[in-house]
Structure formats: structure tokens, C-alpha cells
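Working through the structure, step by step
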Amino acid sequence: MEKDSDILLKYRAITNKLKKRFLKKPNVAEGSEQFASLAKSLKNQECPQYAGFCCLAQARCEHTLSNAAGEAQALTDAARAFLEAELMDRELGVPGFQENLTSSINCYSHAIRVHIENKQIALAASLCLEVGNVLRKVNKPGEAIAHYQRAAELQSQSALDCLDALNMVAKCKMDTKDFEGALAVLTEMAYLAHERGGSSTTGKPIGAYCDILAKCEITRVLLLLLLQPTPQRIRPEHAQTLEKYTWESCDSITEMYLGEDLYLLLQSVVMACQSLDLESLRALQKELWPLFDCEQNQLLHFVIQELAHPSGEGL
């Protein structure tokens, strides 16, 4: 690995070539290539932070050349390099103030802005998702929410992509124990899936929308059982959701995308909670465990905890 002083000398040598001189224009394109080459070399030497600075310099060159695509790519490379440096520091237990993480997020945000200015909305949305995933990876789900929401807004014309981003918002809200917020997002997702996912002939949801509706339905029911809203506080749409699972009711559309067996099991869970039958609920948990995803199993665990040790306010 090169010494810090050698790296600095190479960086300065390229920078000096780009300074304006009398009657001589600097070769910015060549400077960009040299910064990219130095960044690649530093990545190979496992010096991601220095590589990030070189990518930033490259991005400035591309901006001068009015090459928006090159600028956005260099900024994205810088963001990923700074993130790698942050993860390496965390793995080694290096004390610090998360400067590399801050630099990474700033570079991502700049790249997103460049994409939006150039009408590259899909690329901007994909980077928003990437930032959200980065923040969730470093255990900052609360900060990730805004980036996932922005991805959903940018992808509003593509229902499935929008729903994927909203699903990540709901996951982050559950990570932060904002169960009411998660319920609101999942309700929004269910409306969108019903509105955009219906068959042109029958109006009933089809394909991937059925899977999304099933996930939303199960998770919403579990969240309502956990939150235990009073009759005075429960919203009409949430009351209607729970009413579908009384013994007298049978919602054929819900049963269609859940499947008869899962519909009946969920109905049994609702009835067990309403009758405070903890033993039946624990027996149902064993049956439902392989049918639920990890968030749903976690929520059912919280529901059982709340039933066993009531706090009066949900979890």
C-alpha cells in the first residue's frame, strides 16, 4: 500500500495540471481520467476513503465538461467508496464521528439531484433506495424512511416499484416501533394495490398484486391486534378490516388472495385475541410460523406478549 504522502503527491500533481495558466486551457478530460485511474488503484489497495476523494475530484471534472451522466456516476462511486470506508472502520472498531457515512450520504444526495435535473427519474429512485438500504444496514432505520418515501414518490407512475419502496417504509417504521405509522403505510399500500392491480375484466387483483395485498392484510391485522385501538379511536377502514374475521363474516376477495386455510387461521387469531384465549393463540402461532414472514412472526410474538402481560397501550 502506498504511503499517505505519495497518494497526496499524485493527487496534487493531477490537480496542478487543471489550474488555469496564461494562454493555455487545462485538459479537464485527461484530469478526469487520471482521477478515475488513481481512484481505481486506491480501491485495489483497500484505501476506500482516499478513492472517494478522487471520485469526487473526477465528478467536479465531469461537471466542468457538462457530462451529467459521468458526474452522477463519479458521485455514486464516491458514495460507495466512503460507505466502504465507514464499514471498514466499524468492523475494526475505529472510534470516530461517522464522517465517512456523512460523506457517503452527501454524495448520494448530490448524484440523485443530478439525475433528477436531467430527467433520469428511474436512476434517481434507484439511488434513493440504495441510500435507504445503506442507512438500514448501519442500523439507522429512522433516517432511511425519508429516502424510501422519496423513492416511492419518484416511482409513482410505476405501481409495483412504488409499492416496493412503501414496503421498505413500513419495515423501517416497524423497526423503530412506530406501529401506527406502519399501519398507515400498509393501508396506503392496500388501497394502491387494489386501485392499480385489478384485472381489466373482473376488477379483482391479479399476479404480484395478490401477494402484496396478502402481505398487507396479514400485517395490518396483526398491527391492529397489537395496538388494540378502542372503538372510539379506531378508524372506519381498520374496523372494517377486523370485521372481516368475525365468525359470521366471509370476504371472498380477501379469501381469494390469502387462500382459504390462511384466511381461517387469521380468523382464529382474531377471535382468540378478542376472547383473550392465550392458549389457543400460542397453538396457532406454531401453525402460522412457516406461513408468515419474519416481521409478521415478530408482530405475532408481540401480540402474544401483550395478551400475556397487558400494558393497556399495545406493546
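Treat the numbers as computed from the prediction; the structure is a model and nothing was measured. (Residues numbered from 1 in each chain as written. Predicted model: local features only at pLDDT ≥ 70, side-chain atom pairs only at ≥ 80, totals over all residues. Heavy atoms only, no water.)

A few words now on the overall build of the protein. Check the secondary structure of the protein and you find 15 helices and zero strands. Radius of gyration (C-alpha) of the protein: 26 Å, far over the 20 Å computed for a compact globule of 315 residues. If one aligns the C-alpha atoms of the protein with their principal axes, the spans along those axes are about 90 × 50 × 35 Å. A burial count over the protein gives 45% of its 315 residues as buried. Total accessible area computed for the protein in this model is approximately 17,200 Å², and 52% of it derives from carbon and sulfur atoms. The centroid of the 32 positive side-chain charges in the protein is displaced by 12 Å from the centroid of its 41 negative side-chain charges. (Helix = DSSP H or I, 4+ residues; strand = E, 2+ residues; numbered from the N terminus. Rg over C-alpha atoms; globule rule 2.2 N^0.38 Å. Buried < 20%, exposed > 50% of the residue type's maximum accessible area, 1.4 Å probe, protein only. Areas by Shrake-Rupley, 256 points an atom, 1.4 Å probe, with all protein chains shown as cover. Lys, Arg positive; Asp, Glu negative; His and termini not counted. Charge placed at Lys NZ, Arg CZ, Asp CG, Glu CD.)

With that out of the way, let us pick up the environment of Asn-297. Mapped onto the elements of the fold, Asn-297 is located in helix H15 (residues 294–308). Note on Asn-297: relative accessible area 6%, which makes it buried. Counting along the chain gives 284 residues from Asn-297 to Ala-13, while the straight-line C-alpha distance between them is 58 Å. When sequence neighbours within four positions are dropped, the list of residues in contact with Asn-297 reads Leu-288, Trp-289 and Phe-292. (Contact = heavy atoms within 4.5 Å.)

Within a pair of aromatic rings, the relevant descriptors are the distance that separates the centres and the angle that separates the planes. Inspection of every chain in the model, using the stated rule, returns four aromatic pairs. Consider the rings of Phe-179 and Phe-302, whose centres lie 6.1 Å apart with planes at 65 degrees: the pair is edge-to-face. Taken together, the residues span a long stretch of sequence, with Phe-179 in helix H9 (residues 179–196) and Phe-302 in helix H15 at a distance of 123 residues. On the basis of relative accessible area, Phe-302 is assigned to the buried category, the value being 11%. When the centroid spacing of 5.3 Å and the interplanar angle of 35 degrees are considered together, the rings of Tyr-245 and Tyr-263 count as tilted. Note that Tyr-245 is positioned in the loop between helix H11 (236–243) and helix H12 (252–258) and Tyr-263 in helix H13 (residues 260–274), a separation of 18 residues in sequence. A single burial state applies to Tyr-245 and to Tyr-263, both of which are buried. (Phe/Tyr/Trp six-rings, centres within 6.5 Å; stacked < 30°, edge-to-face > 60°.)

Moving on, we come to the pattern of salt bridges. For the structure shown, the criterion picks out eleven salt bridges. Residue Glu-130 is joined to Arg-80 by a salt bridge in which the shortest nitrogen-to-oxygen separation is 2.8 Å. Here the residue Glu-130 occupies a position in helix H6 (residues 121–137), and Arg-80 occupies one in helix H4 (residues 68–92), the gap between them amounting to 50 residues. Given a relative accessible area of 38%, Arg-80 falls into the partly exposed group. The partner of Arg-90 in a salt bridge is Glu-86, and the shortest N-O contact between them spans 2.8 Å. Separated by four residues within a single helix, Arg-90 and Glu-86 lie in helix H4, roughly one turn from each other. Arg-90 sits in the partly exposed class, given a relative accessible area of 36%. On the accessibility criterion, Glu-86 (5% relative accessible area) is buried. When salt bridges that share partners are traced, they join Glu-217, Arg-220 and Lys-244 into one network. (Salt bridge = Lys/Arg side-chain N within 4 Å of Asp/Glu carboxyl O.)

It is worth spelling out the domain arrangement of the protein at this point. When the domains of the protein are assigned, the result is domain 1 (1–18 + 27–119) and domain 2 (163–196 + 205–309). Using only C-alpha atoms to locate each centre, domain 1 and domain 2 end up separated by 45 Å. (Domains from an automatic or database assignment.)

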